[in-house]
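Coordinate inspection notes
In case you want the letters, here they are:
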Amino acid sequence: MELSEPILIRVGHSPDADDAFMFYGLAQGRIPTGRYQFQHQLADIETLNRWALEGRLELTALSVHAYAYVADRYWLCPCGASVGDGYGPILVAKSSLSFDALRRAVIAVPGTMTTAYLTLCLYLGREFRPVIVPFDKIIPAVQEEAYGAEPVQAGLVIHEGQLTYAQHGLHLLEDLGRWWQAQTGLPLPLGVNGVRKDLGPETAAQVCRLLRESIRYGLEHREEALEYALGFARGLARPQADRFVGMYVNHWTLDLGAQGRQAVQELLRRGWQAGIIPRPVQPEWVDLE
């Protein structure tokens, strides 16, 4: 391959404010990428997880849970993670429900490959009945106590709904990121970025470095990147969007570090021990040194 020949990197991420902020530098040409050409494909996280089963994209946002099923195809980037540091996906309902009632409830979930779902299974066990609902339809489903013909008694809320649920008259039953931290002393790693192994170690490392530069650009040019991210904030006011971005694009996103990597390993280990993940998984990380 000639050194000047462009390399296409199809990159997948969610159409929400934190991912938009993270990828702003790449999406808007704010950082030089050399011969790498990034083509962005936006989809909800469960769709991205399913695409990863096929190895469709060279670089993709992934749920940590989904990584267990694609570890043969993808390495993990040590940057680009969304981590709940004492907070995370939340369980909400129209009225208070006991823990025992929740364990028997019908719960709207944003997908069975999401980390939110894995953490919910660790929290409740697996007696509850999940109903898969697009993440942005979960709050309305809980309000209506139905999704189509399916009854809904509670909902597992991700993304900006973590900040807005009370505006919709819903009650917080549990913050799973807070629960996880109390159980383990670790933050809850929700999303990661995977880079396809067939790119080879050198190209994979360069792609991850460019992702890290995009994250750094956003953090160093916060107002500019936030203005772009507001276009993906689904009605959040600027202060709420700023808060939400700060929750999930921060020092953990620049570099998971030893504790963040330990948290990924522990979540996968507990998922396997609970019988949710079918086999033990040892994360393989791209080396950026």
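Residues numbered from 1 in each chain as written. Predicted model: local features only at pLDDT ≥ 70, side-chain atom pairs only at ≥ 80, totals over all residues. Heavy atoms only, no water.

1. Let's talk about the overall build of the protein chain
What counts here: Only runs of H or I of at least four residues qualify as helices and only runs of E of at least two qualify as strands under DSSP, and these elements are numbered from the N terminus. We take the radius of gyration over the C-alpha atoms and set the globule estimate at 2.2 Å times the residue count to the 0.38 power. Exposed residues in this analysis have more than 50% of their type's maximum accessible area, buried residues have under 20%, and partly exposed residues fall in between, with area computed by a 1.4 Å probe over protein chains only. Each accessible area is a Shrake-Rupley estimate made with a 1.4 Å probe; only the visible protein chains count as cover when residues are assessed. When charges are tallied, Lys and Arg are placed among the positive residues and Asp and Glu among the negative ones, while His and the ends of the chain are skipped. The atom standing in for a charge is NZ when the residue is Lys, CZ when it is Arg, CG when it is Asp and CD when it is Glu.
Helix and strand counts for the protein chain come out as 13 helices and 13 strands. For a compact globule of 289 residues, the expected C-alpha radius of gyration is about 19 Å, and the protein chain comes in at 19 Å, within 12% of that figure. Principal-axis analysis of the C-alpha atoms gives the protein chain an extent of 60 × 40 × 35 Å. The 289 residues of the protein chain split such that 55% are buried. Accessible area for the protein chain stands at about 12000 Å²; split by element, carbon and sulfur atoms hold 48% of it. Once the 26 positive and 33 negative side-chain charges of the protein chain are each reduced to a mean point, those two points are 4 Å apart.

2. Some details on helix 10 (residues 222-229)
Which entries qualify depends on this criterion: Think of it as the arc spanned by the lines of direction from the helix axis to the C-beta atoms. The criterion used for residue contact is that any of the two residues' heavy atoms lie within 4.5 Å.
Those residues of helix 10 lying buried are Ala225, Leu226 and Ala229. Angular distribution of buried residues about the axis of helix 10 spans 100°; they occupy a single face of the element. Tucked into the core, helix 10 has its buried residues touching helix 1 (17-27), helix 9 (201-220) and helix 11 (238-248).

3. Here's the deal with the packing of helix 10 against helix 11
The geometry of a pair of packed helices is captured by two quantities: the angle between their axes and the separation between those axes. Put simply, the rule reads: Lines fitted to C-alpha atoms define the axes, with helix axes restricted to the stretch in contact, and inter-axis angles between N-to-C directions lie between 0 and 180 degrees. Angular relationships are summarised with four words: roughly parallel below 35 degrees, roughly antiparallel beyond 145, roughly perpendicular across 65 to 115, and oblique for the angles in between. Gly is placed with the polar residues, together with every amino acid not listed as nonpolar (Ala, Val, Leu, Ile, Met, Phe, Trp, Tyr, Cys and Pro) or charged (Asp, Glu, Lys and Arg).
With their axes 10 Å apart at the nearest point, helix 10 and helix 11 run at an angle of 110° to one another. Between helix 10 and helix 11, the angle is such that the two are roughly perpendicular. Here helix 10 contributes Arg222, Glu223, Leu226 and Glu227 to the contact with helix 11, which in turn contributes Arg238, Ala241, Asp242, Val245 and Gly246. Tallied by class, the residues present in the contact of helix 10 with helix 11 amount to 3 nonpolar, 1 polar and 5 charged.

4. Remarks on the side chain of Thr115
Note the cut-off: Two N or O atoms count as a polar contact when they lie within 3.5 Å, although within protein this holds only if one can serve as hydrogen donor and the other as acceptor, and sequence-adjacent residues are included solely when both atoms are side-chain atoms.
Within the secondary structure, Thr115 sits in helix 5 (residues 115-124). A distance of 2.7 Å separates the side chain of Thr115 from the backbone oxygen of Leu190, its partner in a polar contact. Excluding its chain neighbours within four sequence positions, the residues that come into contact with Thr115 are Ser63, Val64, His65, Pro189, Leu190 and Leu267.

5. Notes on the environment of Val286
Summarising the element assignment, Val286 is placed in the segment after helix 13 (257-273). Residue Val286 is classed as buried on the basis of its relative accessible area, which comes to 6%. Separated by 148 residues in sequence, Val286 and Ile138 have C-alpha atoms that sit 35 Å apart. With residues up to four places along the chain from it excluded, the contact list for Val286 reads Trp75, Leu76, Pro78, Val195, Ala204, Ala205 and Cys208.

6. Some thoughts on the pattern of salt bridges
For clarity, the cut-off: By definition here, a salt bridge exists when the distance from a side-chain nitrogen of Lys or Arg to a carboxyl oxygen of Asp or Glu is within 4 Å.
In this structure the tally under the stated criterion is 16 salt bridges. Taking the shortest distance from any N to any O, the salt bridge between Glu266 and Arg270 comes out at 2.6 Å. Here Glu266 pairs with Arg270, and both are found in helix 13, just 4 residues apart, close to one helical turn. With relative accessibility at 15%, the residue Glu266 sits in the buried group. Among the ionic contacts, a cluster of salt bridges with common partners joins Arg10, Glu58, Arg196 and Asp198.

7. Here's the deal with the packing of aromatic side chains
Given two aromatic rings, one states the distance between the centres and the angle between the planes to describe the pair. In plain terms, the rule: Classification of ring pairs rests on two measures: the distance between centres of Phe, Tyr or Trp rings, Trp counted by its six-membered ring, which must be within 6.5 Å, and the angle between planes, read as stacked under 30 degrees, edge-to-face over 60 and tilted in between.
Overall, the coordinates contain 8 aromatic pairs when judged by the stated rule. Where Phe99 meets Tyr123, the ring centres are 5.3 Å apart and the plane angle is 85°; that geometry is what we call edge-to-face. Of this pair, Phe99 sits in helix 4 (residues 99-103) while Tyr123 is found in helix 5, placing the two residues 24 residues apart along the sequence. The class for Tyr123 is buried, based on a relative accessible area of 13%. On the basis of an interplanar angle of 55° and a centroid distance of 5.3 Å, the ring pair of Tyr228 and Phe232 is categorised as tilted. Judged by its relative accessible area of 24%, Tyr228 falls in the partly exposed class.

8. Observations regarding the pairing of strand 13 (residues 188-196)
Put simply, the rule reads: When DSSP locates at least two bridges between a pair of strands, those strands are taken to pair.
Most of strand 13 sits inside the fold, with 9 of its 9 residues counted as buried. The pairing of strand 3 (residues 59-63) with strand 13 spans 5 bridges and is antiparallel. If you follow Ser63 over to strand 13, its bridge partner there is Gly191. Note: strand 4 (residues 74-76) against strand 13, 3 bridges, orientation antiparallel. Across the sheet, residue Trp75 finds its bridge partner in strand 13, namely Val195.

9. Here's the deal with the layout of surface pockets
As a reminder, the rule being used: Of the grid points, spaced at 1 Å and generated over the protein atoms alone, those admitting a 1.4 Å probe that cannot get out make up cavities, while open sets with protein on both sides within 12 Å along at least five of seven lines make up pockets; any residue with an atom within 4 Å of a point is treated as lining. Grid points are joined across faces, edges and corners, and a volume is the space filled by probe spheres set on the points.
Within this model, the largest pocket holds a volume of roughly 250 Å³. For the largest pocket, the lining is made up of 17 residues, of which Ile139, Glu160, Gly161, Thr164 and His168 are closest to its centre. For the lining of the largest pocket, the residue count by class is 7 nonpolar, 6 polar and 4 charged. When its volume is computed, the second largest pocket comes out at roughly 180 Å³. Lining the second largest pocket, in full, are Gly86, Tyr87, Gly88, Ile90, Gln162, Leu163, Tyr165, Leu172, Asp175, Arg178, Arg243 and Met247. Of all the secondary-structure elements, those providing two or more residues to the lining of the second largest pocket are helix 7 (161-164), strand 12 (171-175) and helix 11. The class makeup of the residues in the lining of the second largest pocket is 6 nonpolar, 3 polar and 3 charged.

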